[in-house]
Amino acid sequence: MDYRDKTVLITGASGGIGAAFATGLAARGANVILVARNEAKLKELATDLHDSHGIRAEYLAADLSEPCASDDVVEELDRRGLAVDILVNNAGFGMHADFADSDPARIRDAVALNVGVLTDLCAVYMSRMTQLGAGAIINVASVAAFQPVPHLAVYAATKAYVLSLSEALWWEGKQNGVKVLAVCPGATDTGFFEAAAPTPIPSDRDGRRARSSTRRFGLSMRASPASWTGCTTWSSLQSANSSRGGLHWPSPNWPSGPAHRAEQASVTPARAKNLPGGL
Ligand SMILES: NC(=O)c1ccc[n+]([C@@H]2O[C@H](COP(=O)([O-])OP(=O)(O)OC[C@H]3O[C@@H](n4cnc5c(N)ncnc54)[C@H](OP(=O)(O)O)[C@@H]3O)[C@@H](O)[C@H]2O)c1
């Protein structure tokens with residue numbers, strides 16, 4: 001896919017995997033629209049990407065878990081005359097706690113962000129892309145999408161939804177020139193674990209809070225955010241409408257280990273066989 005002169009809308013672009021998507025796409029010549037809550041971080045990244053790559057970088061500060069947030073985003077982008085060629089639905093968060101101990105308002109926000117806004121944006125932009133017969137949607141799911149996860153119950157359920165929706169939209173998009181891809185990262189060094197922690201996480205002596213928090217989750221393997229947005233995603237997008245389909249499995253560069261091997265073994269063949277088109 002040639003990304004030059006394409007405009008990409010990325011939610012959750014102020015850090016982590018979303019910022020890595022923005023950086024990778026801008027380096028390939030795409031114009032970017034960055035959305036998240038932290039306006040200062042968005043502005044800094046937009047300026048940096050514009051200066052480094054000469055692309056158009058817009059940003060919009062928005063709390064996407066608010067009711068009607070997606071309507072406001074679409075309205076504002078339309079007002080600015082920004083057409084979206086590629087949508088990266090990346091914003092999301094998890095809560096590490098027993099369901100019975102979870103704050104109902106946090107649960108509502110997680111469902112609104114991970115499921116509601118992602119679906120709304122898919123609906124608006126897939127419809128427009130279908131009319132044009134071109135476009136791409138990348139939905140960031142998780143390896144947690146492949147099985148129920150106690151203590152991360154709502155998060156895993158929202159990601160199962162993202163994966164299921166993406167697989168269905170991949171099939172529908174295939175008929176209409178729209179590519180749909182689900183990215184399923186494993187544990188990655190971002191702000192995710194800090195945001196998901198039930199209590200504040202103390203910094204390491206060297207200040208690496210995210211690393212200490214992944215350890216606290218019992219996860220010793222961590223990928224860099226860019227590993228989910230690198231060559232595997234770009235080549236998957238290239239072939240998203242081919243008979244191999246639009247799922248981004250864990251990267252071959254992912255560190256080897258028993259948990260990783262179990263994930264790969266449990267997800268690949270069974271799901272692939274059941275998809276229309278012989279994925
Ligand atoms: N890190 C992992 O191990 C991992 C594994 C599998 C899947 N994922 C998925 O990857 C995606 C990106 O997460 P990450 O790992 O990069 O975590 P992160 O560093 O915490 O980034 C999350 C992004 O979402 C934005 N965001 C959070 N709440 C928002 C809201 N209410 N409205 C608008 N933006 C909001 C954050 O920006 P603001 O705070 O500025 O709003 C930030 O840009 C998520 O969907 C996550 O579920 C992560």
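The paragraphs below set out a description of the structure included in this document. Keep in mind it's a predicted model, so treat the numbers as computed, not measured. Residue positions are counted from 1 within each chain, in the order its sequence is given. Local features in this predicted model are restricted to residues of pLDDT 70 or higher, and side-chain atom pairs are both shown and tallied only at a pLDDT of 80 or more, whereas totals for entire chains, interfaces and linings draw on every residue. Just so you know, side-chain values use all the structure's heavy atoms and leave hydrogens and water out.

Examining the pattern of salt bridges
Operational definition: Here, a salt bridge means any side-chain nitrogen of Lys or Arg that lies within 4 Å of a carboxyl oxygen of Asp or Glu. Working definition: helices are DSSP H or I runs of at least four residues, strands are E runs of at least two. Numbering for both runs from the N terminus. With a 1.4 Å probe rolled over the protein chains alone, any residue whose accessible area is under 20% of its type maximum counts as buried; one over 50% counts as exposed, and the rest are partly exposed.
As enumerated under the stated definition, the model contains six salt bridges in all. Across the pair E76 and R79 runs a salt bridge, and its minimum N-O distance is 2.8 Å. You can see E76 and its partner R79 sitting in helix α3 (residues 69-79), three residues apart, about one turn around the helix. Take R79: its relative accessible area is 61%, and that puts it in the exposed class. Note that R128 and D78 form a salt bridge whose closest N and O atoms lie 2.9 Å from each other. On the criterion of sequence distance, the pair formed by R128 in helix α4 (residues 104-132) and D78 in helix α3 is long-range, its members being 50 residues apart. Assessed through its relative accessible area of 37%, D78 is described here as partly exposed. Linked by salt bridges that have partners in common, R56, E58, E76, R79 and R80 make up one network.

Describing the packing of aromatic side chains
In plain terms, the rule: Here the aromatic set is Phe, Tyr and Trp, taking the six-membered ring for Trp, and pairing holds for ring centres within 6.5 Å; pairs whose planes are under 30 degrees apart are stacked, those over 60 apart are edge-to-face, and all others are tilted.
Following the criterion strictly, the structure yields three aromatic pairs and no others. Taking the centre distance of 6.2 Å and the plane angle of 55° together, the rings of W170 and W171 count as tilted. Each ring, one from F192 and one from F193, has its centre 5.2 Å from the other, and the planes form 85°; the classification is edge-to-face. An aromatic cluster of three or more residues is present, and its members are Y155, F192 and F193.

Focus on the environment of M95
Keep this limit in mind: The contact definition used throughout considers only heavy atoms, calling two residues in contact when any of these lie within 4.5 Å.
Relative to the assigned elements, M95 resides in the loop between β4 (86-89) and α4. For the pair M95 and A196, spaced 101 residues apart in sequence, the C-alpha separation works out to 4.3 Å. Excluding residues that lie within four positions of it along the chain, M95 makes contacts with R106, I107, A110, H151, L152, V154, Y155 and A196.

Side note on helix α1 (residues 16-27)
For clarity, the threshold we go by: A helix's residues, less one, multiplied by 1.5 Å, set its expected span.
Along its 12 residues, α1 runs 17 Å from first to last C-alpha, staying within 8% of the 16 Å computed at 1.5 Å per residue. Across the 12 residues that make up α1, a large majority, nine, are buried. Where α1 is concerned, the buried positions are I17, G18, A19, A20, F21, A22, G24, L25 and A26. Following α1 by one or two positions, G29 has its phi on the positive side, about 100°.

Some points on the site of the ligand
Condition: By convention in this text, a residue qualifies as near a molecule or strand provided that one of its non-hydrogen atoms is within 4 Å of it. A 3.5 Å cut-off defines polar contacts: any pair of N or O atoms within that distance qualifies, except that in protein one atom must be a possible hydrogen donor and the other a possible acceptor, and neighbouring residues in sequence count only when both atoms are side-chain atoms. Here, Shrake-Rupley sampling with a 1.4 Å probe gives the accessible areas, and only protein chains in the shown set may cover a residue. Residues are sorted three ways: Asp, Glu, Lys and Arg are charged, Ala, Val, Leu, Ile, Met, Phe, Trp, Tyr, Cys and Pro are nonpolar, and all the rest, Gly among them, are polar.
Inspection of the region around the ligand gives 30 residues, with R37, N90, Y155, T188 and T190 positioned closest. Between the ligand and R37, the relevant distance is 2.7 Å, taken from an oxygen atom to a side-chain nitrogen or oxygen of the residue. Residue Y155 places a side-chain N or O atom 2.6 Å away from an oxygen atom belonging to the ligand. Protein coverage of the free-state accessible area of the ligand, which is 880 Å², stands at 91%. Mapped onto the shell around the ligand, the elements with two or more residues apiece are α1, α5 (153-174) and α6 (192-196). Among the residues making up the shell around the ligand, the classes are represented as 14 nonpolar, 13 polar and three charged.

Points about the packing of α3 against α4
When two helices pack together, their arrangement is given by the angle between their axes and by how far apart the axes lie. Definition in use: Convention adopted: a line fitted to C-alpha atoms gives each axis, helices being fitted over their contacting stretch, and angles between N-to-C directions are expressed from 0 to 180 degrees. For any helix crossing, the convention is left-handed if the near helix is rotated counterclockwise from the far helix by under a right angle, and right-handed if that rotation is clockwise.
Where α3 meets α4, the axes come as close as 9 Å, and the angle between the chain directions of the two elements is 35°. Remark: the crossing between α3 and α4 carries right-handed chirality. Contacts from S70, V74, L77 and D78 of α3 reach α4 at D120, L121, V124, Y125 and R128. By residue class, the composition of the contact of α3 with α4 is five nonpolar, one polar and three charged.

Things to note about the nonpolar core
Our working rule: In these notes, a set of buried Ala, Val, Leu, Ile, Met, Phe, Trp, Tyr and Cys residues joined through side-chain atoms within 4.5 Å is what counts as a nonpolar core.
Counting residues in hydrophobic clusters, the biggest one holds 40 residues, and the most contacted among them are L9, L64, L77, V84, L87 and Y125. At the level of elements, β2 (31-36), α3, α4, α5 and β6 (178-183) are the ones that each hand at least two residues to this core. Top element by residues in this core is α4. It accounts for 10 residues. Beyond its immediate chain neighbours, meaning those up to four positions away, L9 contacts I33, V35, L77, V84, I86, L87, V88 and Y125. A26, I86, A136 and L181 belong to the second largest nonpolar core, which has 26 residues in total.

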